[in-house]
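Secondary and tertiary structure notes
Read off the chains here:
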Amino acid sequence: MTATIDIQITKTTASRLSETDFNNLPFGKHFADHMFIADYEGGEWKNLRIVPYGNLSLSPAISALHYGQTFFEGLKAYKHVNGNVGIFRPYKNAERANHSAQRLSMPAIPEDIFVQSIAALVDLDRNWVPDKANHSLYIRPFMFATDAALGVQPSSTYKFMVLTGPVGAYFSKNLKVKIETNYSRSCEGGFGYAKAAGNYAGSLLPSAEAMKEGFDQLIWTDAKNHEYIEELGAANIMFIINGRLITPSTRDTILKGVTRDTVIALAKHWGIEVEERRVAVAEIIQAIKNGQLTEAFGVGTAATIAPITEIGHEGQLYQLSDPSTREFSNKTLKTLNDIRYGVIPDEFGWNYIVG
Ligand SMILES: *Cc1c(COP(=O)(O)O)cnc(C)c1O
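Residues numbered from 1 in each chain as written. Predicted model: local features only at pLDDT ≥ 70, side-chain atom pairs only at ≥ 80, totals over all residues. Heavy atoms only, no water.

With respect to the environment of Gly315
Selection criterion: Secondary structure elements follow DSSP: runs of H or I no shorter than four residues count as helices, runs of E no shorter than two count as strands, and numbering proceeds from the N terminus. Classification of residues uses two cut-offs on accessible area relative to the type maximum, computed with a 1.4 Å probe and protein chains only: under 20% is buried, over 50% is exposed, and between them is partly exposed.
Take Gly315: it is sitting in the loop between β17 (304-313) and β18 (316-319). Take Gly315: its relative accessible area is 83%, and that puts it in the exposed class. Remark: the alpha-carbon pair of Gly315 and Gly43, spanning 272 residues in sequence, is separated by 54 Å.

Pasting the structure below:
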């Protein structure tokens with residue numbers, strides 16, 4: 001049983017809902033009317049509140065700005081066909097948030113505070129959850145250090161906040177990706193498994209260079225020898241080879257995606273063999289050449305399934321199958337959508353129903 005937490009609510013007197021164009025929702029540009037804030041002070045989370053969305057006033061010395069002691073999460077709420085609003089697997093994000101917090105010397109956020117603050121915020125702004133096909137309310141929890149003091153040490157005060165905003169259909173374009181053999185996203189002993197802001201800052205330049213070469217995205221490889229495949233940009237990566245689902249096993253260099261976990265659970269449920277292990281670049285190139293690799297795709301909250309249709313490696317470009325012919329990817333996307341929009345029974349208990 002979960003304890004109910006006390007959240008003080010101050011409602012906006014100037015809703016922006018009617019002036020928001022739900023037919024044009026670029027990712028991350030529109031925010032719902034309210035946001036959640038909690039303060040960490042004296043060793044505990046206090047002052048849990050929902051207030052109108054707006055600017056913060058902060059010292060310019062806060063350590064989040066100087067030393068990057070900050071991380072985020074990302075999940076979605078969906079309007080079900082029966083009118084309910086469901087949040088997809090929020091306890092998984094709560095668990096991961098605490099892995100990030102621990103690695104960055106930040107305080108844990110109790111799972112009940114994490115999930116109930118999101119549920120209360122989504123409930124209050126439930127009219128912001130779009131009811132169109134493939135639309136959703138994106139939820140962005142994050143925590144940052146707020147001690148106003150220079151000096152490299154863990155802060156003693158923090159804020160945990162949640163923003164939400166409606167997002168439109170993500171048209172999974174066919175991805176032309178490059179296997180990166182120069183830059184690294186993360187390294188052994190590092191914090192690639194944390195959703196730390198710094199990991200994303202470091203990925204911007206490599207991504208921009210890949211784009212200049214005509215690619216949409218890059219495939220990260222291990223930092224040591226660039227021999228093993230790790231992730232696809234800010235998504236996990238999967239392959240179908242000889243009818244089996246193959247994906248890099250998670251380790252300290254790889255983010256443990258909730259979508260990854262979900263797709264693996266579905267595959268196992270369908271009796272498909274799943275191999276979570278190290279995946280060599282050479283193995284993938286060989287499997288493409290001999291026709292055994294039938295599907296390659298990224299998995300994450302934003303795109304769900306992002307089909308890879310071209311892979312560049314050491315100056316060679318390899319063509320993959322037409323996404324419309326991909327049995328596993330298409331079945332998975334359809335099933336996942338049916339669960340998230342409440343079209344079919346949620347046998348796995350993945351939907352947290354707000355009501
Ligand atoms: C967020 C993220 C993912 C995907 O995680 P989901 O929980 O499925 O959204 C994968 N890799 C990286 C690096 C990420 O930041």
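Quick word on the pattern of salt bridges
Rules: We define a salt bridge as a side-chain nitrogen of Lys or Arg found within 4 Å of a carboxyl oxygen belonging to Asp or Glu.
Going through the model one piece at a time under the given rule, you end up with 19 salt bridges. The partner of Arg126 in a salt bridge is Asp123, and the shortest N-O contact between them spans 2.9 Å. Judged by relative accessible area, Arg126 falls into the partly exposed class, the value being 24%.

Brief notes about the layout of surface pockets
For clarity, the threshold we go by: A 1.4 Å probe that fits into a set of points on a 1 Å grid over the protein atoms alone but cannot get out defines a cavity; an open set with protein on both sides within 12 Å along at least five of seven lines defines a pocket, and lining residues are those with an atom within 4 Å of a point. Grid points are joined across faces, edges and corners, and a volume is the space filled by probe spheres set on the points.
Of the voids in this model, the largest pocket is the one considered here, and its volume is about 1100 Å³. Around the largest pocket, the lining is made up of 40 residues, and of these Gln217, Gly233, Ala234, Ala235 and Ala302 lie nearest the centre. Listed by contribution, the elements that provide at least two residues to the lining of the largest pocket are β7 (136-145), α4 (197-212), β10 (217-221), β11 (228-232), α5 (258-269) and β16 (293-300). No other element matches α4, which puts 7 residues into the lining of the largest pocket.

Let's talk about helix α6 (residues 281-289)
Put simply, the test is: In this description, the arc belongs to the directions extending from the helix axis to the C-beta atoms.
For α6, every residue scored as buried is listed here: Val281, Ile284, Ile285, Ala287 and Ile288. Each buried residue of α6 lies within a common arc of 165° when the element is viewed along its axis, so the set occupies one face. Opposite the packed face of α6, turned more than 90 degrees from it, sit the exposed residues Ala282 and Lys289. Once α6 ends, the next one or two residues include Gly291, with phi positive near 80°.

Purely geometric numbers; function is a separate question.
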